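This is what each chain is made of:
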Amino acid sequence: MPPTDASADDTPVHPGAWYVFSRPVFFGHNEVRLLRGGDELFPRLIEAIGHALHEVWLATYIFYDDSAAEAVALALAAAARRGVRVRVVVDGFGSHRSLPTLQRWLEPAGVHFTVFRPLERWWNWLQPGQMRRLHQKLCVVDGQRAFVGGINLIDDRNDIHHGRSERPRLDFAAEVHGPAAMPVEQTVRAIWTRAAFGQDWRQEVLNLVRSARPVRSARQYLRRLRILPPHPALPHGDGAPVQVAFVVRDNMRQRRAIERSLIDAIRLAERRVDLVTPYFYPGHSFRRALIKAARRGVRVRLLLQGKLDYRIAGLAARVLYDELLVEGIEIYEYMPAFLHAKMAMADEDWITVGSSNVDPLSLLLNLEANLVVRDEALTAAASREFELALTQSLHITVAPLRRGWAAMLGRGLVAWMAHWYLRLAGWNERY
């Protein structure tokens, strides 16, 4: 595929350039491995934490209190006890029910633990931005080894709302060694600082007022809240494989970066686009990109939920089936277990994996993070997983809601709910 990044030439790249540009900034000289589910991720994560020498940064939406999550927590605690600086931030909604257990596991060992937008009291819901959740799943060890994906810290066969299942969720993460770990660490650092500052703001303000140099102290706090690093130098590689870009969706500068990276890949695809997501309700621009790709002969395949965890999410996707099927886009529903993977491949050398769904919550509200990788081997590995999943999926050839009053009612209900949810969450633009 033609390059779509902001670092295609050999000019030096500032360590914060990946965040400044609206398109992915690729770093060379990385090693990347695709990991399927917690069964593959958690042992790698625990091993990396076990070898940490200086720092571990971890951010996640759900950090549960089952045995799989406990094994990760014990590794974090052991690292802190041997002197490693360990920082953990979890989402206040996603991890709400397990917070007392997490505090008991982590804090006595010296792990610095904080909560992003906690929901300790009913009035927390009235605070601005409470619907914008931390949905990223990130971990960085010693600034060199990073994990990015859609896998929460919970057993693959355990679901908070539906209980245990025999088959594990279909989900993926990527492990990266090399320069691409740097922006991942910058992101977790900024989120952790914002969350800690947000919880203790009264004490922070008192500390600033009482300090000998309040202005200087205030500047130090603000610098810690930024994703951009304070130092200006980073040697830029020669773009050698494996090229990896880290893209985020936040509520500041990078509001549409993940969506743009996906749309750009779809627009440039020449042979195929394969997309896996549990929640699919894209905006007009995204749907048009898929349709135009199909019209110019690109094979477009969507792998969506068959076993629904939230019925309204399933309805949201299915009201779009007729529009897509008539254009030749192939739709499959994964049947063996819950689908939680967020992954896409274009042609033979482009892949993205991360936390972002293709729906308004991920594309417009939540804090999300994806890796974008240019590499034939990794794309081939992901394609094998995709093809295997298709053999266990239902091929949809007729839209459940095609025409008539039922289809109109379904589309209208989903559009109405999405519109008002976004309005309540503070989003005023068209979607």
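Residues numbered from 1 in each chain as written. Predicted model: local features only at pLDDT ≥ 70, side-chain atom pairs only at ≥ 80, totals over all residues. Heavy atoms only, no water.

As for the overall build of the protein chain
Working step 1: Scanning the protein chain from terminus to terminus reveals 14 helices and 17 strands.
Working step 2: Scored against the burial criterion, the 431 residues of the protein chain give a buried share of 57%. (Helix = DSSP H or I, 4+ residues; strand = E, 2+ residues; numbered from the N terminus. Buried < 20%, exposed > 50% of the residue type's maximum accessible area, 1.4 Å probe, protein only.)

Some words on the pattern of salt bridges
Working step 1: Inspection of every chain in the model, using the stated rule, returns 22 salt bridges.
Working step 2: Between Arg145 and Glu47 there is a salt bridge whose closest N-O contact spans 2.6 Å. Remark: Glu47 occurs in helix 2 (residues 37-50) and Arg145 occurs in strand 6 (residues 145-149); sequence separation between them is 98 residues.
Working step 3: Taking the relative accessible area as the measure of exposure, Arg145 reaches 12% and is therefore buried.
Working step 4: Residue classification places Glu47 among the partly exposed positions, given a relative accessible area of 32%.
Working step 5: A salt bridge links Arg133 to Asp91; the shortest N-O distance between them is 3.1 Å. Here the residue Arg133 occupies a position in the loop between strand 4 (112-116) and strand 5 (138-141), and Asp91 occupies one in strand 3 (residues 85-91), the gap between them amounting to 42 residues.
Working step 6: Looking at Arg133, the relative accessible area reads 7%, which means it is buried. (Salt bridge = Lys/Arg side-chain N within 4 Å of Asp/Glu carboxyl O.)

What to know about the sheet that holds strand 6
Strand-to-strand pairing in sheets goes through backbone hydrogen bonds, with the strands running parallel or antiparallel.
Working step 1: Strand order in the open sheet formed by 7 strands is 1-9-6-5-2-3-4, and the pairing between neighbours is mixed. The open sheet is flanked by strand 1 (31-36) and strand 4, the only strands paired with a single partner. When the angles between neighbouring strand axes are averaged without regard to direction, this sheet yields 15°.
Working step 2: In the sheet, strand 3 pairs with strand 4 via 5 bridges, with the strands oriented parallel. Its bridge partner lying in strand 4, Arg87 is registered against His112.
Working step 3: Strand contacts of helix 2: strand 1, strand 2 (55-60), strand 5, strand 6 and strand 9 (172-177), with the helix running at about 135° to strand 1, the strand carrying the most contacts. (Pairing = 2+ DSSP bridges. Axes fitted to C-alpha atoms, helices over the stretch in contact; angles between N-to-C directions. Contact = heavy atoms within 4.5 Å.)

What about the packing of helix 2 against helix 3 (residues 67-81)?
Working step 1: Contact pair helix 2 / helix 3: the axes reach a minimum separation of 9 Å and the direction vectors enclose 10°. Compared by their axis directions, helix 2 and helix 3 come out roughly parallel. Contacts from Phe42, Leu45, Ile46 and Ile49 in helix 2 reach Ala68, Ala71, Val72, Ala75, Leu76 and Ala79 in helix 3.
Working step 2: Partitioning the contact of helix 2 with helix 3 into residue classes produces 10 nonpolar, no polar and no charged. (Parallel < 35°, antiparallel > 145°, perpendicular 65-115°, else oblique. Nonpolar A, V, L, I, M, F, W, Y, C, P; charged D, E, K, R; others polar.)

Structural notes on the sheet that holds strand 10 (residues 243-249)
Working step 1: Read across the open sheet, the 8 strands follow the order 10-16-15-14-11-12-13-17; overall the sheet is mixed. Edge strands, defined here as strands with exactly one partner in the open sheet, are strand 10 and strand 17 (393-396). Looking at each pair of strands side by side, their axes are set apart by 15° on average, direction ignored.

Notes on the nonpolar core
Working step 1: Grouped together as the largest cluster of nonpolar side chains are 51 residues, with contacts concentrated most on Phe246 and Leu303.
Working step 2: At 8 residues, the largest contribution of residues to this core is made by helix 5 (residues 181-199).
Working step 3: Every residue in contact with Phe246, bar those within four places of it in the chain, is listed here: Trp18, Leu138, Val148, Pro183, Val184, Thr187, Ala369, Asn370 and Leu371.
Working step 4: With 42 residues, the next largest nonpolar core counts Ile263, Tyr281, Ala294 and Val298 among its residues. (Core = buried A, V, L, I, M, F, W, Y, C linked by side-chain atoms within 4.5 Å.)

Topic: the side chain of Ser95
Working step 1: Structurally, the position occupied by Ser95 is in the loop between strand 3 and helix 4 (99-106).
Working step 2: A polar contact of 2.9 Å, which involves the side chain of Ser95, links it to the backbone nitrogen of Phe63.
Working step 3: Beyond its immediate stretch of four places on either side in the chain, Ser95 contacts Tyr61, Ile62, Phe63, Val90 and Leu102. (Polar contact = N/O pair within 3.5 Å; in protein donor to acceptor, adjacent residues only side chain to side chain.)

Some remarks on helix 10 (residues 311-318)
Working step 1: Listed as buried for helix 10 are Ala313, Gly314, Ala316 and Ala317. When helix 10 is viewed along its axis, its buried side chains cluster within an angular range of 155° and face the same direction. (Arc of directions from axis to C-beta.)

Considerations on the confidence of the model for the protein chain
Working step 1: Across the protein chain, the average pLDDT comes to 85, with 76% of residues at 70 or higher.
Working step 2: Note that pLDDT drops below 50 for residues 7-12; the model gives that stretch 9 contacts with residues more than four away or on any other chain. (pLDDT = per-residue confidence, 0-100.)

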